[in-house]
Amino acid sequence: MVNLTINGEKYTVSENSTVLEAAQQAGISIPTLCSHKDLSPYGACRLCLVEVRRNGRSVITTSCNTPVEEGMAVITETEEVLATRKTMAELMVSRCPEVPAIQRMALSLGVTEPAFSTENPKEDCILCGMCVRACDEIAHEHVLGFVGRGPDREVTTAFDVRQDVCDSCNKCVPYCPTGAITTLEAPQIGRAFKKKALNWKRARQVFQYATLLVFLGLMAATLFNVLQPLTVNIFSRLNPLQGLVTMVGGRELIANYIPAILTVVLTIVFGRVWCGWFCPLGAVFELFGRKDRHFKWQNLRKLKYVILAVVVVMAAFGSLAFLYFEPITIFIRGLTAIFKPVVQYVQLEDKKEFILPGFQWWAIAIPFVVALLLNLIEKRFWCRYLCPLGALVALGSKFSWIKRFVNQDSCVKCGECATLCPMGAISPENDFKSDPAECIMCMDCAAPCPKLAITFPQGQLGGWGYEFDPGRREALGTLGAGALAVGLLSLDVGNVKAAKKEVLRPPGAIFNDFLSKCIRCDQCIEACPTHYIQPAAFEAGWDSLYTPIVDPFLGYCDYDCNLCGQICPSHAIPFLTLEEKRKTSMGWAQVNFDTCVRCMDCKDNCPYDCFELVEVEGLRGVYPRVRDDSNCVGCGICVAICPKQDLKAIDVFPYGNVPVETHKTTPYVEA
Amino acid sequence: MSNATADIRLALEDLRSELIAAYDSTRPCITVCAGTGCCASGALDVKAALDKEVEQQGVDLKVDLKITGCRGFCEQGPLVAILPENILYTKVKSTDAAQIVSKTIVAGELIDKLLYKDPVTGEKLVHEHDIPFYKEQHRVLLHDSGAIDPTSINDYLIVGGYKALAKALLTMSPDEIIAEVKQSGLGGRGGAGFPTARKWELCRKSPGDEKYVIVNADEGDPGAFQDRSLIEANPHSVLEGFIIGAYAIGANQGFIYIRHEYPLAVERIKIAIEAAREQGLLGENILGSGFDFDVTVQLGAGAFVCGEETALMASIEGYVGEPHARPPYPAQSGLWGKPTNINNVKTWATVPYIINKGAAWYSQMGTDNSKGTTIFSLVGKINNTGLVEVPMGISLRDLIEKIGGGSPSDKKLKAVQTGGPSGGCIPERLWDVPVDYDSLRELGSIMGSGGMIVMDESTCMVDIARYFLNFSRFESCGKCTACREGVQRMYEILDYITRGYGQEGDIDVLEDLCASIKAGSLCGLGQTAPNPVLTTIKYFREEYEAHIREKTCPAGVCKELITFYILEDKCTGCSLCARYCGDQAISGEKGSPYVIDSDKCKRCGVCREVCNFDAVVVR
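Quick caveat, the model's predicted, so the values are computed rather than measured.

Caption draft 1: Focus on the pairing of strand 2 (residues 9–13) of chain A. Residue and element names in this part refer to chain A. Burial runs low along strand 2: only zero of the five residues are buried. When strand 1 (residues 2–6) meets strand 2, the two strands line up antiparallel, connected through five bridges. Residue pairing across strands places threonine 5 opposite lysine 10, the latter belonging to strand 2. In this structure, the hairpin formed by strand 1 and strand 2 is closed by a connection of two residues, where asparagine 7 is found at a positive phi of approximately 50 degrees.

Caption draft 2: Focus on the confidence of the model for chain B. The pLDDT averaged across chain B works out to 89; a share of 99% of its residues lies at or above 70. Across the predicted assembly, pTM comes out at 0.69 and ipTM at 0.88.

Caption draft 3: Region of the structure containing the packing of helix 3 (residues 43–56) of chain B against helix 4 (residues 97–107) of chain B. Residues and elements named next belong to chain B. Look at helix 3 against helix 4: their axes get within 8 Å of each other, and the N-to-C directions meet at 45 degrees. Relative to helix 4, the element helix 3 is oriented oblique. Our pair here, helix 3 against helix 4, has a crossing hand that is right-handed. Residues Val46, Ala49, Leu50, Glu53 and Val54 of helix 3 lie in contact with helix 4, whose contacting residues are Ala97, Ala98, Ile100 and Val101. Taken together, the residues that form the contact of helix 3 with helix 4 break down as eight nonpolar, no polar and one charged.

Caption draft 4: Seen up close, the interface of chain A and chain B. Of the residues lining the interface, 24 residues belong to chain A; the matching set on chain B comes to 25 residues. If you list the elements that add at least two residues to the side of chain A that touches chain B, you get strand 4 (57–62) and helix 2 (79–95) of chain A. In terms of residues, the side of chain A that touches chain B owes the most to one element, helix 2 of chain A, which gives eight residues. Here the side of chain A that touches chain B is composed, by residue class, of 13 nonpolar, six polar and five charged.

Caption draft 5: A look at the sheet that holds strand 2 (residues 64–68) of chain B. Residues and elements named next belong to chain B. Reading across the sheet, the four strands line up as 2-1-3-4 and stay open at both edges, with mixed pairing between neighbours. Each edge of the open sheet carries a strand with a single partner, namely strand 2 and strand 4 (87–89). In this sheet, adjacent strand axes meet at a mean angle of 20 degrees when their direction is disregarded. Relative to strand 3 (residues 80–83), strand 1 (residues 29–33) is paired through four bridges, and the arrangement is antiparallel. Note on strand 3: the bridge partner recorded for isoleucine 30 is isoleucine 82. Helix 3 rests against strand 1, strand 2 and strand 3 of the sheet, and its axis sits at about 160 degrees to strand 1.

Caption draft 6: Fine view of the sheet that holds strand 18 (residues 665–667) of chain A. Residue and element names in this part refer to chain A. Sheet architecture is open: three strands sit in the order 16-15-18, paired in antiparallel fashion. Both edges of this open sheet fall to strand 16 (622–626) and strand 18, since each of them pairs with a single strand only. Neighbour to neighbour, the strand axes of the sheet diverge by 50 degrees on average, direction disregarded.

Caption draft 7: Inspection of the environment of Ala220(A) at higher detail. All names here are of chain A. Its place among the elements puts alanine 220 in helix 5 (residues 191–224). The class for alanine 220 is partly exposed, based on 15 C-beta atoms found within 10 Å. For the pair formed by alanine 220 and glutamate 526, sequence separation is 306 residues and the distance between their alpha carbons is 9.5 Å.

Caption draft 8: Examining the packing of helix 18 (residues 461–475) of chain B against helix 19 (residues 481–498) of chain B more closely. Residue and element names in this part refer to chain B. Two numbers describe how helix 18 lies on helix 19: the axes approach to 9 Å, and their chain directions differ by 150 degrees. Considered as vectors, helix 18 and helix 19 are oriented roughly antiparallel to each other. In the packing of helix 18 onto helix 19, the handedness of the crossing is left-handed. On helix 19, the residues touching Val462, Asp463, Ala465, Arg466, Leu469, Asn470, Ser472 and Arg473 of helix 18 are Val487, Gln488, Met490, Tyr491, Leu494, Asp495, Ile497 and Thr498. Looking at the contact of helix 18 with helix 19 residue by residue, the classes come out as eight nonpolar, four polar and four charged.

Caption draft 9: Expanded view of unusual backbone geometry. A cis geometry characterises the amide bond from Leu83(B) onward to Pro84(B), with omega recorded as 0 degrees. The backbone of Met443(A) sits at a positive phi, close to 65 degrees, despite the residue not being glycine. Backbone geometry at Gln584(B) places phi at a positive 50 degrees, although glycine is not the residue there.

Caption draft 10: Looking closely at the pairing of strand 15 (residues 451–456) of chain B. Residue and element names in this part refer to chain B. Within strand 15, six of the six residues are buried, which leaves it mostly tucked inside the rest of the structure. Residues Gly451, Ile453 and Met455 line one face of strand 15 and the alternating positions Met452, Val454 and Asp456 line the opposite face, and both faces are buried. As defined by bridge partners, strand 11 (residues 373–380) adjoins strand 15 across four bridges and the pair is classed as parallel. Looking at the pairing, leucine 378 lines up with methionine 452 of strand 15. Examined bridge by bridge, strand 13 (residues 413–418) and strand 15 share five bridges and lie antiparallel to one another. Bridging across to strand 15, valine 416 finds its partner in valine 454.

How each quantity is defined
- Residues numbered from 1 in each chain as written.
- Chains lettered and ligands numbered in written order.
- Predicted model: local features only at pLDDT ≥ 70, side-chain atom pairs only at ≥ 80, totals over all residues.
- Buried ≥ 20, exposed ≤ 12 C-beta atoms within 10 Å, placed from the backbone.
- Helix = DSSP H or I, 4+ residues; strand = E, 2+ residues; numbered from the N terminus.
- Pairing = 2+ DSSP bridges.
- pLDDT = per-residue confidence, 0-100.
- Axes fitted to C-alpha atoms, helices over the stretch in contact; angles between N-to-C directions.
- Parallel < 35°, antiparallel > 145°, perpendicular 65-115°, else oblique.
- Left-handed = near helix turned anticlockwise from the far one by under 90°.
- Contact = placed C-beta atoms within 7 Å.
- Nonpolar A, V, L, I, M, F, W, Y, C, P; charged D, E, K, R; others polar.

Structure follows, in structure tokens:
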């Protein structure tokens, strides 16, 4: 053992240590760049300079390669040492002005900007010799070396023959402090690791776009009514947010949502894979948009938690109104709005009969279009700031078993990963770590990492303590927003309660706590082959936006169809057999005798045989009329068939809202 | 001393006596200086011509003809000296050969036109020792340079060669040798002046059976050639000192690291080694002393940094010539991890003289702290350029003005640069200081290995600093940041200044950089690279300021800052300048003064050179 003093304190260290090691053991930090515990000291960067006094002589020397000596006195920071270190930092950052690791090092030594200009600002090799030593001492390959003197010095292989001599063992790669080793033009270096990482990335992309294709396929199947309904709504049923709020809102367990448990389990194990691997809307977002953290108000990421909480709180009060923020439903509505009219047009034999839908129809696509436009600001803007489903899985990801991990020993803070993250989840301010709640496990960052520092290991703890953790403010905000929303609804702004009774709903919906369970996915609208089911705007009240209503002037309810009940994932439209559906009333048809032309098409075509013939007081002739004791369910076939639709010769009315007949009628008795 | 040993020693002495007996010191001998300098000016042609003449004129039995090593007076080469009178003929051409033989050898007459003419007095000087250049010198190492044929070991034996080796190996213990050297006060002639004996002692005491010694003949300073000349002129003296040192240190293997740009020196040292081996002076059981030692010549590829001892050893080991940190010092762990001692050519060559004549004789020369003599390559704007050997402590003024003969033109001498790229510029006003390690270091320069460049008023000091930094930046190995990046940046700043882009504050930046590079560099190259800048700033700050503030170059050197113009009263209108001007920048009519268009002028200076009336001047 050797006794020495460092900054006046006495220490005893092993005789084989260097001054740097002795100082580090004593907890005294000395900046270094070219020194690494695995490699022999080299003394190139000159950052670790200290003043050493022995035998009455004082010299400034590098601590990394000065062995300790008995009686040596070391002073780690004198004015001259600090000034020289600073100059070294200035020189290095002037050589590599764009390398983040060098910038950070320089900043820590008080250099804010390069002191000198350089001809090649892209230079990223600082000539520290770590790769050369790793090749010699770790890999024992002796492939890398320095060539040239002075300004011409560079790291390369003998005679620049690279592929032939380097067997891509990758051992040099993690030692490079600047990330320059990837630009060594040795294409095979790091290949194996990168290949693995790249394979995962590819697998993820394949899975993601396959999922998108499946989703689109299911949508097409819904539009053309070719698949069994239970598979068509699988994306909704895998969706834990829908499951949660419909069950909370409807106060019942909905068996349809059993698959959502799978998503919960996957989230607990793998993190936010729903967003990165499954979500078809996310796949669309990935197709374009800027990747980095570009948006000014990054703190808005917490907003998604607020939206989630508002959605859940309102569900607890029985309203699912805010569920139109749910991404799967947004996507379904968007696709429905666009493709339903297309399919309708294609299927029409006489194209002249096609009526372009009005604004109310297109309005259901607004959230989809807005989300796509927001993507122009930042890629996955929706997922980052707004998505309540994302927020829900994000909370789960905080506890996930597998998380993204940045090996801080290898990371050189080059910042490459941050520019590649589609979520902007990687924080340049926080050593390029990422909040597991923001990371969607896309693994795009792993392969390009020049130091292969990014891995996805198991069993890491600590999902909290990141910059966008939902906090007390969000919780309070949520309660406030939820209360306000519920209050507004209960105050019945816009005459909601009265209006509720005045709309026609799909079969079975009116017997049900419909608004507490309808997820506004509009898949029933998409599925309805006869276009009877249409989206609501505000006619049924503010909280009925995007809910399905039926419109006899646009379609009718097919006697042999119960698709809407089959497809509804949340049973807001209850599953009814054909028999049951035929007995389930949506409304009541009534003939307007003033405009009826007595063609009797309605009477002739009514599948329920609801019509009687009557004589109307003050009018000539015999008119059709829905019998008071008939089985009319409001299917709208009579309206659809009526030649005087434009004059509303017959109409269907909500059950409790059937107008009083203006004419007195007497049953017609055949003479 | 065993009989066998005595026999071997006697054999050497017998040979020497035989040679001396056969040597007729009165017999005329024509010696042709065949140092690199004289060879370059045609010495070998002269030798061939003399050969032919000697034969044709039938005096081949009466006269000897041989080549010698460098006589030092390279300015006047090719040099031919006639022994035994030591008549020195300068600037000899091969056409003079016939005359030399017929007149001087046969008729005993002097050839007036070949004699050296003193530029001050105009007097013709016959003998070498009359010439001021030689008169003021004190030649120890160079004493035999002009007398012996460097390719002949016999010549060396005649002048007493290898006597010191025999004395050291057979009568002295290694410790006694080290003590003798210690007493002599010999300092490392490579530039730093580290006491040679202490270095040897450290290496000797360092544990290990296998040790190495190295001759550092990697002389790379621009304008320095003393190591080369010494090896070319007297390789055996280096070899003898080397063997003595190896014996003192306990090394059995030696390396002579010499740059491949010195082909003549390489050839001669190889011949010398071969001859020494044949005489049993190298190899096993040298002179029967039981001491084994052999030498390998290792060629360097010409990197300046390989003169640094750790880089030199890396180069011998086959690695890139890059220095490494000390400790461990070479004396502890040098070549292949074994204790190693490296000394400069001149240091090794001094050892035989110390052993022969004693430490007391040696230490009487020089100053208190710097003993003995040292060799300088004296070059630049002086009359007598060449190789000079002077005792330590001679004043710079004596060296430059007496030996060097002062300025050849009417321009005032301004400064002298010592120590090459590692040294500094010393202004004329400080030339009275003695030349020794300490004094030069105090002035901010170093002794270096002996380069000495004299500059006059027409030298721009900023440009000189830029020149040396340009050398240093390309010769830096590039390993450490301070030297690789720092010297480069200093060069860039100086380059800007000389091109008129200097800014206020540049001098401060330079000084800061200098301090950091000096403190932060790994090896001597980087630690001393700022010296040319520091000393020029220190002594010639006003020149820097003129460049930066007034954008003028007082010496008229920096092209971007000067304008050529023609003095009307001096111009005769001869049109010579206009005809030479490559850029058609000079116009005028014959008979009336010409004018230079400064927009077209590229400042090549050819007009000034060709003008016979000094009408072209720089502003």
